[in-house]
Structures are given as structure tokens and as C-alpha cells.
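Commentary on secondary and tertiary structure
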Amino acid sequence: MFYVGWAIIQTKAAAACDRRCTGLASFYGSESGSRTASGQRFNRHAMTAAHRCLPFGTRLRVTYGSRQVVVTINDRGPFIRGRVLDLSEGAARAIGITRLVGVARVGCEVL
């Protein structure tokens, strides 16, 4: 945050909406059936994800170790500091992070 004349300008983190990023991803699935921020019904088995600022409909390749999955952004989040992505349970299962404590370091690339 910095001041320009009388206005306060809020800046976002430099890597928040880059085309590539790495960081912690979590997954969610208990909200199945409720509406996402894009208006779609959440399907925990679909290959979808929540991101803070990428446009809805953006396709993102998510890599964990040697496994990859392509997800579509249809929700906003995660709302926990330090996380870059919330995956649907289906997407998390496809790359193998559901066996962990629910959080894993992943790589992300906009397609």
C-alpha cells in the first residue's frame, strides 16, 4: 500500500495472477451442490478450482510431483494466507494430494 496525493493505492502481491506460479494448494468438497462465485453449482468430482483473481473459465495446469491435472477456474479463494489455489476434491484426488494432510506445494500454469 502506498499514498498518491490524498488517495491510498492498494497493490496486490506480484505473483498473485501471474501466468505461472508455485505455492500451497488445498482442496474442498463438502460444499457440493452450492453455487460457486461464477454461479455454477459446485461439483466436488469435477476438475475445477478456486483462485483469487484469475478470470472464471481460465484453464490451469496444476502439477504435483510427476502428476498433472487441468482444471477450470470457477470460484474465488482460497481465503487462507499462503495458499494459491483451492482444488475440487476430484482434481486433488487426480494428482494425489487427498492422501496428504490436505495441503501440498503445487505448480500452476495458465493454458
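Sequence order as written defines the numbering, with residues in each chain counted from 1. Side-chain atom pairs in this predicted model are given and counted only at pLDDT of 80 or more, local residue features only at pLDDT of at least 70, and totals for whole chains, interfaces and linings cover all residues. Note that water and hydrogens are dropped before the side-chain values are worked out from all heavy atoms of the structure.

Moving on, we come to the confidence of the model for the protein. Confidence of the predictor in every single residue is expressed as pLDDT, which spans 0 to 100. Mean pLDDT over the protein works out to 83, with 84% of the residues at or above the 70 mark. In this description, contact between two residues means that some pair of their heavy atoms is separated by no more than 4.5 Å. The low-confidence segment residues 1–14, where pLDDT is below 50, has eleven contacts with residues more than four positions distant or belonging to other chains.

Attention shifts here to the packing of aromatic side chains. Within 6.5 Å between ring centres, the rings of Phe, Tyr and Trp (the latter by its six-membered ring) count as paired, and their orientation is classed by plane angle as stacked under 30 degrees, edge-to-face over 60, tilted in between. The final tally for this structure, using the stated rule, is one aromatic pair. Considering the side-chain rings of Y28 and F42, the 4.7 Å spacing of their centres and the 10° angle between planes classify their relative orientation as stacked. Taken together, the residues Y28 in strand β3 (residues 20–28) and F42 in the loop between β3 and β4 (48–50) connect sequence positions 14 residues apart. Accessibility expressed as a relative area gives 14% for Y28, which makes it buried. The positively charged end of R76 is found above the aromatic ring belonging to F56, 4.2 Å away from the centroid. Each helix is a run of H or I in the DSSP string that is no shorter than four residues. Each strand is a run of E no shorter than two, and both are numbered from the N terminus. Using a 1.4 Å probe on the protein chains alone, a residue whose accessible area is under 20% of its type maximum counts as buried, one over 50% counts as exposed, and one in between counts as partly exposed. Lysine NZ or arginine CZ positioned within 6 Å of the ring centre and within 35 degrees of the ring normal marks a charge as sitting over the ring.

What follows concerns the state of the cysteines. To count as a disulfide, a pair of cysteine sulfur atoms needs to be within 2.5 Å. By the definition in use, this model includes zero disulfides. Free of any disulfide, C21 has its nearest cysteine sulfur in C108, 3.9 Å distant.

Now for the environment of A46. Within the element layout of this structure, A46 appears in the loop between β3 and β4. Its relative accessible area of 23% is what places A46 among the partly exposed residues. Through-space distance from the C-alpha of A46 to that of A91 is 6.9 Å; in sequence the pair is 45 residues apart. Discounting residues that sit within four places of it in the chain, A46 has contacts with S88, G90 and A91.

On to the side chain of N74. By the element assignment, N74 lies in strand β6 (residues 67–75). Given a relative accessible area of 4%, N74 falls into the buried group. The contacts of N74, once residues within four sequence positions are left out, are T36, A37, S38, Q40, T48, A49 and F56.

Right, let's get into the pairing of strand β5 (residues 59–64). For two strands to pair, DSSP has to find at least two bridges joining them. Here β5 runs beside β6; their pairing, made up of six bridges, is antiparallel. Following the sheet pairing, L60 is matched in β6 by V71. Linking β5 back to β6 in an antiparallel pair, the connection comprises two residues, with G65 at a positive phi of about 65°.

In this text, buried Ala, Val, Leu, Ile, Met, Phe, Trp, Tyr and Cys residues form a nonpolar core when linked through side-chain atoms within 4.5 Å. Among the nonpolar cores identified, the biggest contains 20 residues, and L60, V62, V71, L85, L87 and I95 are the most heavily contacted of them. Those elements that place two or more of their residues in this core are β3, β5, β6, β7 (83–88), α1 (89–95) and β8 (103–110). It is β8 that provides the largest number of residues to this core, a total of four residues. If near-sequence neighbours (up to four positions away) are discounted, I95 is found in contact with V62, Y64, R67, Q68, V69, L87 and V106.

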